[in-house]
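Residue-level structure breakdown
Single-letter residue listing:
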Amino acid sequence: MNLAGKKILLGVSGGIAVYKSCELLRLLQKKGAEVRVCMTDAATEFVAPLTFASLSKCPVYLKNGAVEARPFQHIDFPRWADLYLVVPATANVIGKFACGIADDPVSLCFMSCTCPRVIAPAMNVAMYNSPAVKRNLEILRGFENTTVLESPAGELACGEVGQGRLMEPAEIVKWLEGASLPLAAAACASSATPSPRGTAPKTPAPAIPVAKDIDPTKDSTLPGYGKKVLLTAGRTEEAIDPVRYISNRSSGKTAVALASVFYANGFSVEVVAGPMEAAFPGGVKVTRVKSARDMHDAVMERLQEADAVVHCAAVADYRPAHAADEKIKDSRSQLTIELVPNPNILRDCTAARKAAASSRKQVIIGFALETDHFEKHAAEKLAKSGADALLLNAPVAADSGFGRDCVRFALVKQGSPVPPLAMGEKVDLAETILNFCLERLNG
Ligand SMILES: Cc1cc2nc3c(=O)[nH]c(=O)nc-3n(C[C@H](O)[C@H](O)[C@H](O)COP(=O)(O)O)c2cc1C
């Protein structure tokens, strides 16, 4: 999304991270956006409304503000906005949003706005992991037009360590800039081999974004109508102790591109997602997991119903044999962590498909991230996996990979030679997989 000229309503609720929304406001303005602010009473305890009014050059919408002068602020502000950002979102307002309570400016605007809503939670790790907050965030993820930004883990204002930090203002701006064009990002540098866009058969349906108020899964003219895709996304975290884990750098952007492209083409999209920064569009059903074993169980539970299964997650091959119950103390002596293999989700899916021996078609696609001997490794992995195809990608090249919009990739089909890697946007990669699935399901 180009932020220049956008009208952004910033909802501020009462957490320690309120001061960061001042920085966010300034960054949005620097990008050319016009910002107005509404605040809860608790938020005004942390930063005076005068600060926001001065920065935004507009009166702040407050519960006990000048009601006589502007009686319909709870309608006017959201109607004015192209986008409603709630930063920071407290556990309290998240609960209100999820339950339909609208008794303060921030929750009133949430309920009455019809523009896209983006929520950045921030709270203590215990609050973030509480069953109520988890449930409420899950409810919000299911709301139309609503995106919940992933809260990064790290040191919290209260001194504890864990998930619950506010996504940094600069990161929020970066995410917004990519949000409506994550799949139509600037063209990638071309490579010696032709881009896969153009070599793959084009689908008749539009790519993303899907206009709000449109549910593509109900459109019988779309090629994915009546079909379901199951995606895995993000990375996994394998606990070493309560505060440490083994993981990797996957951002989840490729899975978001896949979810968006399949959804825009009429598929019902269900995602089993590990931790990741990128956010899914509304209309996509997301189940959150942390470890490879949790992801395995969640995928196996959903496997039968899926017409297509795309294993995009960067799953840890190994986990610590034992996760310590208490934080491992620094004794300055050498520490050895024994690792044991995690279940192979892709292979278990293809084995389950074989065992079911159903006449129903099901397409299964794996991902192979390779850093050397691409063709050899991909061919071996595909043969062992029993999948229909493997998406070979090489994200370590200087111009492609983790967190970026471009990637070097090739779709390796069972029984066909490995094609050369080509540079493309992640949306190209997603369209290549979509086209392969449609060919197999309809052919
Ligand atoms: C110093 C302090 C810091 C707080 N930080 C947070 C926070 O980061 N996140 C949160 O959800 N609640 C936090 N709270 C609790 C909220 O302020 C409290 O739940 C309040 O009722 C939220 O109101 P609101 O959601 O209407 O803004 C904090 C409270 C105090 C006193």
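So, here's what we can say about the structure. Quick caveat: nothing in here was measured; it's all calculated off a predicted structure.

**Some thoughts on the site of the ligand**
- Taken together, 14 residues lie around the ligand, and G14, T40, T90, A91 and A122 are the ones closest in.
- In this structure, T90 approaches the ligand through a side-chain N or O atom, which is 2.6 Å from an oxygen atom.
- Note that a nitrogen atom of the ligand is positioned 2.9 Å from one of the backbone N or O atoms of A122.
- Starting from 640 Å² of accessible surface for the ligand in isolation, the protein chains cover 62%.
- Elements with a minimum of two residues in the shell around the ligand: α2 (41-46) and α5 (91-99).
- Top element by residues in the shell around the ligand is α5. It accounts for three residues.
- Class assignment for the residues of the shell around the ligand results in eight nonpolar, six polar and no charged.

**Let's talk about the sheet that holds strand β1 (residues 7-12)**
- A sheet is described by the order of its strands in space; here five strands give the open sequence β2-β1-β3-β4-β5, paired in parallel fashion. One side of each edge strand has no neighbouring strand; the edge strands of this open sheet are β2 (34-39) and β5 (146-148). Averaged over all pairs of adjacent strands, the angle between strand axes in this sheet comes to 20°, irrespective of strand direction.
- Note that strand β3 (residues 83-89) and strand β4 (residues 117-121) share four bridges and pair parallel. Considered in β4, the bridge of A89 is made with P121.
- Contacts from α5 reach β3 and β4 within the one sheet, and its direction differs from that of β3 by about 135°.
- Those strands touched by helix α8 (residues 131-142) are β4 and β5, and its axis lies near 140° from that of β5.

**Let's talk about the nonpolar core**
- Judged by nonpolar contacts, the single largest core of 40 residues is most densely connected at L258, F262, V269, V271, F280 and I433.
- At the level of elements, β8 (228-233), α10 (253-264), β11 (268-273), β13 (308-311), β16 (363-369), β17 (389-393), β18 (406-413) and α14 (426-442) are the ones that each hand at least two residues to this core.
- Look past the residues within four positions of F280 in its chain and what remains in contact with it is T147, A233, A255, V256, A259, V271, A273, V286 and R288.
- Grouped together as the second largest cluster of nonpolar side chains are 35 residues, V18, V37, L55 and L149 included.

**Quick word on the packing of α5 against helix α6 (residues 105-112)**
- Interaxial distance between α5 and α6 falls to 10 Å at its minimum, and their mutual angle equals 35°. As α5 runs across α6, the sense of the crossing is right-handed. Residues V93, K96 and F97 of α5 lie in contact with α6, whose contacting residues are V106, S107 and F110.

**Notes on the sheet that holds β18**
- In space, the eight strands of this open sheet follow the order β12-β11-β8-β13-β16-β17-β18-β19, with mixed pairing throughout. Only two strands of the sheet have a single partner each, and these edge strands are β12 (285-288) and β19 (422-425). Pairwise comparison of adjacent strand axes, ignoring direction, gives a mean angle of 25° for this sheet.
- Together, β8, β11, β12 and β13 form the strand contacts of helix α11 (residues 292-302), whose direction differs from that of β11 by roughly 155°.

**Some points on the layout of surface pockets**
- Computed from the structure, the second largest pocket encloses a volume of approximately 1200 Å³.
- For the lining of the second largest pocket, the secondary-structure elements that each account for two or more residues are α10, β15 (339-341), α12 (345-356), β16, α13 (374-385) and α14.

Criteria and cut-off values
- Residues numbered from 1 in each chain as written.
- Predicted model: local features only at pLDDT ≥ 70, side-chain atom pairs only at ≥ 80, totals over all residues.
- Heavy atoms only, no water.
- Near = heavy atom within 4 Å.
- Polar contact = N/O pair within 3.5 Å; in protein donor to acceptor, adjacent residues only side chain to side chain.
- Areas by Shrake-Rupley, 256 points an atom, 1.4 Å probe, with all protein chains shown as cover.
- Helix = DSSP H or I, 4+ residues; strand = E, 2+ residues; numbered from the N terminus.
- Nonpolar A, V, L, I, M, F, W, Y, C, P; charged D, E, K, R; others polar.
- Pairing = 2+ DSSP bridges.
- Axes fitted to C-alpha atoms, helices over the stretch in contact; angles between N-to-C directions.
- Contact = heavy atoms within 4.5 Å.
- Core = buried A, V, L, I, M, F, W, Y, C linked by side-chain atoms within 4.5 Å.
- Buried < 20%, exposed > 50% of the residue type's maximum accessible area, 1.4 Å probe, protein only.
- Left-handed = near helix turned anticlockwise from the far one by under 90°.
- 1 Å grid on protein atoms, 1.4 Å probe; cavity = no way out; pocket = protein on both sides within 12 Å on 5 of 7 lines; lining within 4 Å.
- Points joined across faces, edges and corners; volume = space filled by probe spheres on them.

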